[in-house]
Amino acid sequence: MIVTTTENIAGYRATQSLGQVFGVVVRSRGLAGNFVAALRTIIGGEIKEYSALVEDTRRHALDRLVSNARAMGADAVVMMRFDSGQIGQAMNEVVAYGTAVKIEPL
């Protein structure tokens, strides 16, 4: 499955647009992670616990996007984007979305 942030894929042409496809993941930050992160805010710098959480959540959202695109019969997803936000004070939401397409080589 080709996933790209661009509208076109080099060497291919889209033959059919199958519609919007997305993958959503909501994760909570554990108490221990929040505690360690709070300590790091005193010192400053990167909060590695949250960086790892967001990176893992994005990968999981992308995996769900690909799974949903395959279920639609897509060969690729174009114009893929991420969106994220907070739900309450302890949850992080990440959405990967794009357009599922059928493609063929040029």
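Values in this document were obtained by computation on a predicted structure and should not be read as measured data. One numbering rule holds for all chains: residues counted from 1, following each sequence as written. A pLDDT threshold of at least 70 governs which residues receive local features in this predicted model, and a stricter bar of 80 or more applies before side-chain atom pairs are shown or counted, although totals over entire chains, interfaces and linings include all residues. Hydrogens and waters are ignored; side-chain quantities use all the structure's heavy atoms.

Examining the packing of aromatic side chains
Here's step 1: Between the rings of Phe, Tyr and Trp (Trp by its six-membered ring), a pair exists once the centres lie within 6.5 Å; its type follows the angle of the planes, with under 30 degrees stacked, over 60 edge-to-face, and the other angles tilted. Using the criterion set out here, one finds zero aromatic pairs in the structure.
Here's step 2: Comment: the charge-over-ring label is applied if NZ (Lys) or CZ (Arg) is within 6 Å of the ring centre and within 35 degrees of the ring normal. Over the ring of Phe82 we find Arg58, and its NZ or CZ is 4.7 Å from the ring centre.

Re the side chain of Thr57
Here's step 1: Strands here mean DSSP runs of E at least two residues long; helices mean DSSP runs of H or I at least four residues long; both are numbered from the N terminus. For Thr57, the location among the structural elements is in helix α2 (residues 48-71).
Here's step 2: A simple rule labels every residue: compare its accessible area, found with a 1.4 Å probe on the protein chains alone, to the largest value its type can have, and call it buried under 20%, exposed over 50%, or partly exposed in between. With relative accessibility at 0%, the residue Thr57 sits in the buried group.
Here's step 3: The definition of a polar contact used here is a pair of N or O atoms within 3.5 Å, where within protein one atom must be able to donate a hydrogen and the other to accept one, and adjacent residues in sequence count solely through side-chain atom pairs. Within polar-contact distance, the side chain of Thr57 engages the backbone oxygen of Leu53 at 2.6 Å.
Here's step 4: Once residues within four sequence positions are removed from consideration, Thr57 is found in contact with Val25, Arg27 and Val94. Any two residues having at least one pair of non-hydrogen atoms within 4.5 Å are treated as being in contact.

Thoughts on the environment of Leu65
Here's step 1: On the secondary structure map, Leu65 appears in helix α2.
Here's step 2: The exposure class assigned to Leu65 is buried, which follows from its relative accessible area of 0%.
Here's step 3: Other than its neighbours up to four places away in sequence, Leu65 contacts Val3, Val21, Phe22, Gly23, Val77, Met80, Ala96, Tyr97 and Gly98.

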